[in-house]
Amino acid sequence: MQNISYQRFLQKPFDLRQWTRKMAIVAKTLKFSNYGEPADVLELAQESLPPPEKNQVLVKILAAPINPADINTIQGKYPVKPKFPAIAGNECVGEIQEVGSCVKNLKKGQRVVPFATGLGTWSTHAIYDEDQLLPISDKIGLAEAATLTVNPCTAYRMLKDFVEVLPGHCVIQNGANSAVGQAVHQLCKAWGINSVGVVRDRPDIQDLKNYLKKLGATEVLTQEEVRTSKIFKENQLPKPMLALNCVGGKSATEISRHLDDKGVMVTYGGMAREPIAVATAALIFKDISFRGFWMTRWTKENCTAPERFKMFDDLSKLIEQKQFVAPVHEMVPLDKYKEATKAALDFKGFTGKKYILRMQ
C-alpha cells in the first residue's frame, strides 16, 4: 500500500508551498453569537483561512481599537445589527500578506485600513475584498493608522459639513477630552480655527487643560466654568457658529447658550444619557439650529465620493507632518480583551483613554 501511495504522490503535481500555506494561516478572532456585555459574550476562537480568491486579499491585522460603538454593537444597543456569529470590531490597520489573481490596486506588504464598515476587525488575520480596503502610507504610526477611519473622520466632517468655519472663527465642544474632541482641537489648530473645549472637573484638571491646549485648544473650561465664562462677551474670542455635543443634558444646553445668531449645534453622542434641553430664548432670538451626525451613515452615503478620498488624504498628510497624533491610548495584547473591554466601559466621563488591541 505504501508503494502505491508513493507512486500516486509522484504522478500528481504537488505544490508544497500551497500545502504549507493552507496549514499555516489560523486566525484568532473575537466572536460573539448573542448580545451582552463584551466580557461575557466575546469568545477568542480559531479559524483556518483559505488562500484569497480573485478579488480578495489576506490581511494580517496589526492593531484594532475598542470604540464605544463596538461595545454598543456587542451589547445590541447600536443600530447596526450583525449576523451571528459575528467578529467584533469596525476599525483597524493591517498589512497585506497575499492577493488574489484579479487584485489590481493592492499588493503584498502594503498597509491598509477598512474602506467599508462592519468588516469585523478584532482578528489576527482576515480575508477581505479589495474594494473594502484603503491603502495608507507606512509612515503613519500604528496607533494613528488603527484609529484613522472613525474619530478623526467624525471630527473632520462635523467641522466641514454644517457651518462654514473659516480661519479666525470659533468652535465650542463638550467631551473635549474624548477621541473625537482631541481630533477636533488638532484639526482646528491646523486650519487656524479657535476651539473651546468643555470637560468635567477632576483632581488633575490643570494637567488635562494643559494637554488639550498643547493639542490645539484655544481655551478649556470645566462644565461649571462655561456657565459663567465671559470669553465671548468680552470679545476675547468670537462667538462660535458651531457647537459639537457628545454629552447631552445640561452640558449641551450650556454650550448652546454661547452660539452666535443662526449657529448650529451638532450632536454625535450622548454620554450623559440625558435628553438635550434647549434654551427657549436661544431658539427664538438667535434662531439656532440642532442637527445630528452619524459617521456610519455618512460613509454609506458617500462611499466613493471625492470628498471621502480628499478627507483621507488631508488627514494622512497631517499625520505625516506630525500635526495630528492618535488620542491618548494604551496598547493591549489580544488575549487581554476582557480586561480591555471592561476598562473601555468604565470611563465615567473622566479617563479619556483609547484602548487598542495589539493583534500580533
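Residues numbered from 1 in each chain as written. Predicted model: local features only at pLDDT ≥ 70, side-chain atom pairs only at ≥ 80, totals over all residues. Heavy atoms only, no water.

You'll find the protein chain entered in an unreviewed UniProt entry as Enoyl-[acyl-carrier-protein] reductase, mitochondrial, with Glossina morsitans morsitans given as the organism. The record in UniProt for the protein chain states the following under Sequence similarities (unreviewed entry): "Belongs to the zinc-containing alcohol dehydrogenase family. Quinone oxidoreductase subfamily." (UniProt positions renumbered as here; feature names shortened; annotations may be inferred.)

Asker: Just to check I follow, could you spell out the overall build of the protein chain for this structure?
Answerer: Along the protein chain, the regular secondary structure elements total 14 helices and 16 strands. Dimensions along the principal axes, computed over C-alpha positions, put the protein chain at roughly 95 × 40 × 35 Å. Taking all 360 residues of the protein chain together, the buried fraction comes to 49%. For the protein chain, long-range pairs separated by at least 24 residues make up 73% of all intrachain contacts whose partners lie at least 6 apart in sequence. Only carbon and sulfur atoms are counted for the fraction: they give 51% of the accessible area of the protein chain, which is about 18400 Å². Put simply, the protein chain has 48 plus and 38 minus side-chain charges, and the middle of one group is 3 Å from the middle of the other. (Helix = DSSP H or I, 4+ residues; strand = E, 2+ residues; numbered from the N terminus. Buried < 20%, exposed > 50% of the residue type's maximum accessible area, 1.4 Å probe, protein only. Contact = heavy atoms within 4.5 Å. Areas by Shrake-Rupley, 256 points an atom, 1.4 Å probe, with all protein chains shown as cover. Lys, Arg positive; Asp, Glu negative; His and termini not counted. Charge placed at Lys NZ, Arg CZ, Asp CG, Glu CD.)

Asker: Before we go on, may I ask you to explain the packing of helix α6 (residues 151-161) against helix α13 (residues 306-320) in this structure?
Answerer: Geometrically, a packed helix pair is captured by the angle between its two axes and the distance between the axes. Running from amino to carboxyl end, α6 crosses α13 at an angle of 115°, the nearest separation of the two axes being 11 Å. As summarised for this structure, α6 and α13 are arranged roughly perpendicular, according to the angle between their axes. In the packing of α6 onto α13, the handedness of the crossing is right-handed. Contacts between α6 and α13 pair P152, C153, Y156 and R157 from the former with E307, K310, M311, F312, D314 and L315 from the latter. A breakdown of the residues in the contact of α6 with α13 according to their chemical character gives 6 nonpolar, no polar and 4 charged. (Axes fitted to C-alpha atoms, helices over the stretch in contact; angles between N-to-C directions. Parallel < 35°, antiparallel > 145°, perpendicular 65-115°, else oblique. Left-handed = near helix turned anticlockwise from the far one by under 90°. Nonpolar A, V, L, I, M, F, W, Y, C, P; charged D, E, K, R; others polar.)

Asker: I'm lost on the sheet that holds strand β13 (residues 264-267) in this one. Help?
Answerer: Whether parallel or antiparallel, the strands of a sheet pair through hydrogen bonds between backbone atoms. The strand order β11-β10-β9-β12-β13-β14 describes an open sheet built from 6 strands, whose pairing is parallel. Looking at which strands have only one partner, the edges of the open sheet turn out to be β11 (219-222) and β14 (289-292). Along the sheet, successive strands turn relative to each other by an average axial angle of 20°, direction set aside. Both strand β9 (residues 170-174) and strand β10 (residues 194-199) contribute to a ladder of 5 bridges, which runs parallel. Bridge assignment links V171 to a residue of β10, and that residue is S195. (Pairing = 2+ DSSP bridges.)

Asker: Just checking my understanding: could you explain the nonpolar core for this structure?
Answerer: Side chains of nonpolar character tend, in soluble globular proteins, to be buried together. Judged by nonpolar contacts, the single largest core of 46 residues is most densely connected at V93, L242 and L244. Counting contributing residues, this core receives three or more from each of domain 1 (25-147 + 326-358) and domain 2 (153-297). In contact with V93, not counting residues within four places along its chain, are I61, L62, A63, R111, V112, V113, I136, L142, A145 and A146. Counting 30 residues, the second largest nonpolar core, distinct from the first, contains I71, V112, L133 and Y355. (Core = buried A, V, L, I, M, F, W, Y, C linked by side-chain atoms within 4.5 Å. Domains from an automatic or database assignment.)

Asker: What is the right way to read the sheet that holds strand β2 (residues 43-48) from this model?
Answerer: The 3 strands lie next to each other as β2-β1-β4, forming an open sheet whose pairing is antiparallel. Where the open sheet ends on each side, the last strands, each with one partner, are β2 and β4 (86-87). The pairing of strand β1 (residues 26-32) with β4 spans 2 bridges and is antiparallel. Among the inter-strand pairings, K31 is bridged to a residue of β4, identified as I87.

Asker: Got a minute to help me understand the pattern of salt bridges in this structure?
Answerer: Any two side chains of opposite charge can pair, so long as their charged atoms come close to each other. Overall, the coordinates contain 10 salt bridges when judged by the stated rule. Among the salt bridges present, the one from R157 reaches D161, with a minimum N-O distance of 2.7 Å. In this pair, R157 and D161 are both assigned in helix α6, 4 residues apart and thus about one turn of the helix distant. Salt-bridge contacts for R227 lead to E254; the nearest nitrogen and oxygen are separated by 3.9 Å. Of this pair, R227 sits in helix α9 (residues 223-228) while E254 sits in helix α10 (residues 249-257), and the two are 27 residues apart along the sequence. (Salt bridge = Lys/Arg side-chain N within 4 Å of Asp/Glu carboxyl O.)

Asker: I tried to follow a nonpolar patch on the surface on my own but got confused; where do I start?
Answerer: Taken together, I276, V278, L283, I284 and F285 make up a surface patch of nonpolar side chains, about 470 Å² in accessible area. Tracing the chain through its elements places I284 in helix α11 (residues 280-286). The exposure class assigned to I284 is exposed, which follows from its relative accessible area of 57%. (Patch = residues over 30% accessible without salt bridge, like charges linked within 9 Å, V, L, I, M, F, W, Y side chains within 5 Å.)

Asker: Could you clarify how one ought to interpret the side chain of T149 in this entry?
Answerer: Inspection of the secondary structure assignment puts T149 in the loop between α5 (142-146) and α6. On the basis of relative accessibility, which here comes to 13%, the residue T149 falls in the buried class. Ignoring sequence-local partners within four residues, the contact set of T149 consists of E91, V113, P114 and F312.

Asker: I'm lost on the domain arrangement of the protein chain in this one. Help?
Answerer: By a frequent convention, interface size equals the accessible area lost on bringing the separate parts together. When the domains of the protein chain are assigned, the result is domain 1 (25-147 + 326-358) and domain 2 (153-297). The C-alpha-based centres of domain 1 and domain 2 are spaced at 30 Å.

Asker: Just checking my understanding: could you explain the UniProt feature "domain: Enoyl reductase (ER)" (unreviewed entry) in the protein chain for this structure?
Answerer: Those places that UniProt annotates as "domain: Enoyl reductase (ER)" (unreviewed entry) correspond, in this numbering, to residues 37-345. The annotated region residues 37-345 carries 34% helix and 23% strand content, and the separation between its end C-alpha atoms amounts to 10 Å.

Asker: So what exactly am I meant to see when it comes to the environment of C188 here?
Answerer: Structurally, C188 can be placed in helix α7 (residues 179-191). Between the C-alpha atoms of C188 and A217, which are 29 residues apart in sequence, the distance is 7.9 Å.

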